[in-house]
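Here is what each chain is made of, one letter per residue.
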Amino acid sequence: MSAELGGRTGRQGKLSRWLRGRRPKETADEGGREDLLLAAAEAGLPLAPAAHPAPGYRCSCDRVGCPTPARHPVSFAWQTQSTTDRAQIERWARHQPQANFITATGMVHDVLDVPLEAGREALERLLDAGIEVGPVAESDDGRMLFFTTTRGTPEDEDEWWPCELDCHPETMDEHPGLRWHCRGSYVLVPPAQLPGEGQGVHWVRGPEHPLPDPLSLLEVLTDTGARHAGTESDHASSAWPLRH
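Predicted, not measured: the structure shown is a model, and the values here were computed from it.

Looking at this model, I keep getting lost on the sheet that holds strand β1 (residues 47-50). Mind explaining?
Whether parallel or antiparallel, the strands of a sheet pair through hydrogen bonds between backbone atoms. If you trace the three strands from one edge of the open sheet to the other, you get β1-β4-β9, paired in antiparallel fashion. Since the sheet does not close on itself, it has two edges, and those belong to β1 and β9 (186-189), each with one partner. For this sheet the average axis-to-axis angle between neighbouring strands, irrespective of direction, equals 40°. Where strand β4 (residues 100-104) and β9 come together, four bridges link them in antiparallel fashion. Following the sheet pairing, Phe101 is matched in β9 by Val189. Set on the sheet, helix α4 (residues 86-95) makes contact with β1 and β4; between it and β1 the angle comes to about 15°.

Help me understand the packing of helix α2 (residues 33-42) against α4, please; the structure alone is not making it clear to me.
Between two packed helices, what matters for the description is the angle formed by their axes and the separation of those axes. At their nearest, the axes of α2 and α4 sit 10 Å apart, and the two run at 150° to each other. The angle between α2 and α4 falls in the class roughly antiparallel. In the packing of α2 onto α4, the handedness of the crossing is right-handed. Residues Arg33, Glu34, Leu37, Leu38, Ala41 and Glu42 of α2 form the contact with α4, whose participating residues are Arg86, Ile89, Glu90, Ala93 and Arg94. Within the contact of α2 with α4, the residues separate by chemical class into five nonpolar, no polar and six charged.

Would you take a moment to explain the pairing of strand β5 (residues 109-115) for this structure?
Along any regular strand the residues' side chains alternate between the sheet's two faces. Most of β5 is tucked away: seven of the seven residues are buried. Bridge analysis of β5 against strand β7 (residues 143-149) gives seven bridges, and the strand direction is antiparallel. In the sheet register, Asp110 faces β7, and the bridge partner there is Thr148. Here β5 runs beside strand β8 (residues 179-181); their pairing, made up of three bridges, is antiparallel. Looking across to β8, one finds that Val111 is bridged to His181.

Can you walk me through the nonpolar core in this structure?
Proteins that are soluble and globular tend to have nonpolar side chains buried together. Membership of the largest hydrophobic core comes to 27 residues, with the highest contact counts inside it found for Leu47, Phe147 and Val189. Going through the elements one at a time, α2, β1, α4, β4, β7, β9 and β11 (200-205) are the ones with two or more residues in this core. Apart from the residues lying within four places of it in its own chain, the contact partners of Leu47 are Leu37, Ala41, Gln81, Ser82, Thr83, Ile89, Trp92, Phe101, Ile102, Thr103 and Val189.

I tried to follow α4 on my own but got confused; where do I start?
In an α-helix, one full turn covers 3.6 residues, which means residues spaced three or four apart are oriented alike. All of the buried residues in α4 are Ile89, Glu90, Trp92 and Ala93. The buried residues of α4 occupy one face: seen down the axis, they fall within an arc of 165°. In this structure, the buried side of α4 is in contact with α2, β1, α3 (78-81) and β4.

Any chance you could explain the environment of Gln96 here in plain terms?
Following the sequence through the fold, Gln96 ends up in the loop between α4 and β4. Setting aside residues up to four positions removed in sequence, Gln96 forms contacts with Arg33 and Pro49.

Would you explain the packing of aromatic side chains in this entry?
Any aromatic ring pair is given by two values, namely how distant the centres are and how the planes are angled relative to each other. Counted according to the given criterion, the structure contains three aromatic pairs. With a centroid separation of 6.3 Å and an interplanar angle of 45°, the aromatic rings of Trp92 and Phe101 are classed as tilted. Ring centres of Phe147 and Trp203 lie 5.2 Å apart, and the angle between their planes is 55°; this geometry places the pair in the tilted category. Residue Phe147 is found in strand β7, and its partner Trp203 is found in strand β11; the two are separated by 56 residues along the sequence. For the residue pair Phe147 and Trp203, the accessibility class agrees, reading buried in each case.

What should I look at first to understand the sheet that holds β7 in this one?
Pairing is antiparallel across the open sheet formed by six strands, whose spatial order is β8-β5-β7-β6-β11-β10. Pairing within the sheet leaves two strands with one partner each, and these edge strands are β8 and β10 (192-193). Here four bridges tie strand β6 (residues 136-139) to β7, and the two strands are oriented antiparallel to one another. In the strand pairing of β7, Ala137 is matched with Leu145.

Please clarify how the side chain of Thr105 should be interpreted in this entry.
Within the secondary structure, Thr105 is located in the loop between β4 and β5. Overall, the relative accessible area of 3% leaves Thr105 in the buried class. At a separation of 3.0 Å, a polar atom in the side chain of Thr105 contacts the main-chain carbonyl oxygen of Ser185. When residues no more than four places from it in sequence are discounted, the contact partners of Thr105 are Asp110, Val111, His181, Cys182, Arg183, Gly184, Ser185 and Tyr186.

The rules behind each value
- Residues numbered from 1 in each chain as written.
- Predicted model: local features only at pLDDT ≥ 70, side-chain atom pairs only at ≥ 80, totals over all residues.
- Heavy atoms only, no water.
- Pairing = 2+ DSSP bridges.
- Helix = DSSP H or I, 4+ residues; strand = E, 2+ residues; numbered from the N terminus.
- Axes fitted to C-alpha atoms, helices over the stretch in contact; angles between N-to-C directions.
- Contact = heavy atoms within 4.5 Å.
- Parallel < 35°, antiparallel > 145°, perpendicular 65-115°, else oblique.
- Left-handed = near helix turned anticlockwise from the far one by under 90°.
- Nonpolar A, V, L, I, M, F, W, Y, C, P; charged D, E, K, R; others polar.
- Buried < 20%, exposed > 50% of the residue type's maximum accessible area, 1.4 Å probe, protein only.
- Core = buried A, V, L, I, M, F, W, Y, C linked by side-chain atoms within 4.5 Å.
- Arc of directions from axis to C-beta.
- Phe/Tyr/Trp six-rings, centres within 6.5 Å; stacked < 30°, edge-to-face > 60°.
- Polar contact = N/O pair within 3.5 Å; in protein donor to acceptor, adjacent residues only side chain to side chain.

Structure below.
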């Protein structure tokens, strides 16, 4: 009897070891991905799972001609799904090891999204001027993201505009300058992978930095962005002269 029980116990032990041996493949956290996501959530950024790159510059959503490959949420309910709950984010990160994550803006924070070169110059100017700058991320597709407190919904609705008017993620190419992600929008939160070898989104200044008021950054960002846009327009005009 004891031998039989010992045999069962031995088989159960082997099964447990086999299951434990399989788990790292499902829960691997290469490069501290989970820690970075949890740090963002602890800073108050609500997260939800997003698509990730697939072979051939495609998107994991398998939508033919996906307009924003690896840059969009996986659920249409991303606004209500977004959370800072540690246990939920750990489950998502471990069960979806390739997934990117978005953070929903306009709830706790907004994001001022500018062209990369303009953003780098603006960041240097802001720091040199002693202006408090919060978390900042760079995207290898040519954008810099400045995380700020949200404007929320001011008492005077006439002074508030929805993000869809100027910077909805699906219409980004129409707005090459500054985009203000607020209520109804989202951005990828680092670490995220983009289509193309070595392409991604990463922190320049991490989420441990307090969120500043967006208006304290806006003047420098708009000024720098306008000058860079003007330079690009000059180059375009010289390359493509207008016909009279």
